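Remarks on the overall topology
These are the residues of each chain, in order.
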Amino acid sequence: MELITVEDVRAARERLRGEVVRTPLTAGPAGGPPFLLKPESLQPTGAFKLRGATNAVALLDPDQRRSGVVTHSSGNHGQALAHAAARHGVPCTVVVPEGAPGVKVDRMRALGARIVMVAPREREATARRLRDEEGLALVPPFDDPSVIAGQGTVGLEILEQSPGVATVVVPVGGGGLASGVATAALAAAGPRRVRVVGVEPELAADAAESLRTGSLVTWPPERTHRTMADGVRVCLSELTFAHLRARLDEVVTVTEEEIARAVAALAHGARLVAEPSGALAAAAVLAGRVPTAPGRPQETVAVVSGGNADPGLFARLVA
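Computed from a prediction, not measured in an experiment: that's the story for all the values here. (Residues numbered from 1 in each chain as written. Predicted model: local features only at pLDDT ≥ 70, side-chain atom pairs only at ≥ 80, totals over all residues. Heavy atoms only, no water.)

1. Observations regarding the overall build of the protein chain
In terms of regular secondary structure, the protein chain is built from 14 helices and 10 strands. Against the compact-globule benchmark of 20 Å for 319 residues, the protein chain has a radius of gyration of 18 Å, which places it among compact chains. Projecting the C-alpha coordinates of the protein chain onto the three principal axes gives extents of approximately 55 × 45 × 40 Å. Looking at the protein chain residue by residue over its 319 residues, the buried ones come to 59%. Counting contacts in the protein chain only where the partners sit at least 6 residues apart, residues at least 24 apart contribute 73% of the total. Between the centroid of the 34 positive side chains of the protein chain and the centroid of its 34 negative side chains there is a distance of 4 Å. (Helix = DSSP H or I, 4+ residues; strand = E, 2+ residues; numbered from the N terminus. Rg over C-alpha atoms; globule rule 2.2 N^0.38 Å. Buried < 20%, exposed > 50% of the residue type's maximum accessible area, 1.4 Å probe, protein only. Contact = heavy atoms within 4.5 Å. Lys, Arg positive; Asp, Glu negative; His and termini not counted. Charge placed at Lys NZ, Arg CZ, Asp CG, Glu CD.)

Structure below.
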């Protein structure tokens, strides 16, 4: 299977200029281990997904732009695609699994997306059916080279912003962000090697199992939906599994309690709103799953992948 290259990520970065925010690096929560945060929660749609969606829309041909795009998403990718499509005058349809956070669904509608609600097991099949019946261009949340390349721009920015970085920590759901960042890490200058560590909830650890066994494992929705981190309830695809098997250094897991503590720590100690999925990388560092270098916070960067938290859940976690 052909993997994306560093040059693909660099080309995506050029397409994204003026379209997405170059998010800063900020200090991790006071009193904890020394590390930096890359708050992709500061993107206009509140998550890193805007990068991949924007790159994919930029690569559409004229006929595809006229017909429109379709995807399946619990929220963040759907919002990102709706935003990118609206900027380019492209119709957008999002297939949403039942039980998705209402705040995310409302935002997708506000961005002009047509919402099609289905059972979680039917999301991908429904998106493919709409693609075939209505002639729409399918832009998957992660199973697409252009989406992966767009997400990889997070990694290029980290390399530029923290030249001494040694470890980048990223959440893993479908694996698009981890695949892109692990590819971007290959661009590290000279002999320096940058490790990329993925993080999953214990209750949705299909990637950890897949990489441990050496073959792609898919967990059913009734297993992955146990975690509060709704953005990572999906499993790897063949494409993202191939990237992670070749380029990711490690996957660690965190408990629901550790995720909850990380959401609170980011809010109180770093002044950042993070949804549970967005707090996974920080949770792993704060829980000691990823070692840090004393006195050298610039060596470890945790990506805060999204901040579209359900208001009720967020209020309970930070109380």
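2. So, empty space enclosed by the protein
Applying the stated criterion across every chain yields a total of one cavity of 30 Å³ or more. One number sums up the size of the largest cavity: a volume of about 40 Å³. Around the largest cavity, the lining residues are Gly155, Ile158, Leu159, Val168, Val181, Ala185, Val194 and Val196. Tallied by class, the residues present in the lining of the largest cavity amount to seven nonpolar, one polar and no charged. (1 Å grid on protein atoms, 1.4 Å probe; cavity = no way out; pocket = protein on both sides within 12 Å on 5 of 7 lines; lining within 4 Å. Points joined across faces, edges and corners; volume = space filled by probe spheres on them. Nonpolar A, V, L, I, M, F, W, Y, C, P; charged D, E, K, R; others polar.)

3. Focus: the packing of helix 2 (residues 49-58) against helix 4 (residues 76-87)
Where helix 2 contacts helix 4, the two axes come as close as 8 Å, and the packing angle between them is 45°. By the angle between their directions, the pair helix 2 and helix 4 is classed as oblique. Relative to helix 4, the crossing made by helix 2 is right-handed. For the pair helix 2 and helix 4, contact is made by Lys49, Leu50, Ala53, Thr54 and Val57 and by Asn76, His77, Ala80, Leu81, His83, Ala84 and Ala85, respectively. Residue composition of the contact of helix 2 with helix 4, by class: seven nonpolar, four polar and one charged. (Axes fitted to C-alpha atoms, helices over the stretch in contact; angles between N-to-C directions. Parallel < 35°, antiparallel > 145°, perpendicular 65-115°, else oblique. Left-handed = near helix turned anticlockwise from the far one by under 90°.)

4. Observations regarding the pattern of salt bridges
In the structure shown here, the tally under the stated rule is 20 salt bridges. Between Arg51 and Glu40 there is a salt bridge, with its nearest N and O atoms 2.7 Å apart. Taken as a pair, Arg51 in helix 2 and Glu40 in the loop between strand 2 (36-39) and helix 2 lie far apart in primary sequence, 11 residues in all. In this pair, the class of Arg51 matches that of Glu40, namely buried. Put simply, Arg131 and Asp132 hold a salt bridge, and the shortest N to O gap is 2.9 Å. Accessibility expressed as a relative area gives 30% for Arg131, which makes it partly exposed. When salt bridges that share partners are traced, they join Lys38, Glu40, Arg51 and Glu157 into one network. (Salt bridge = Lys/Arg side-chain N within 4 Å of Asp/Glu carboxyl O.)

5. Considering the sheet that holds strand 3 (residues 69-72)
Strand pairing within a sheet occurs via backbone hydrogen bonds; the two strands may be parallel or antiparallel. A sheet is described by the order of its strands in space; here four strands give the open sequence 5-4-3-6, paired in parallel fashion. The outermost strands of the open sheet, each flanked by one partner alone, are strand 5 (114-118) and strand 6 (137-138). Where strand 3 meets strand 6, two bridges bridge the pair, whose relative direction is parallel. By the bridge assignment for strand 6, Val70 is matched with Leu138. Each of strand 4 (92-97) and strand 5 touches helix 5 (residues 102-110); the most contacted strand, strand 5, lies at about 145° to it. Packed onto the sheet, helix 6 (residues 123-134) meets strand 3, strand 4, strand 5 and strand 6 and runs at close to 170° relative to strand 3. (Pairing = 2+ DSSP bridges.)

6. Section: helix 12 (residues 256-269)
For helix 12, spanning 14 residues, the distance from its first C-alpha to its last is 19 Å, which sits close to the expected 20 Å at 1.5 Å a residue. For helix 12, the full list of buried residues reads Glu256, Glu258, Ile259, Ala260, Ala262, Val263, Ala264, Leu266 and Ala267. Buried residues belonging to helix 12 abut strand 2, strand 8 (195-201), strand 9 (250-254), helix 13 (280-286), strand 10 (300-304) and helix 14 (311-318). Positive backbone phi, at 60°, marks Arg271, one or two positions downstream of helix 12. (Expected span 1.5 Å × (residues − 1).)

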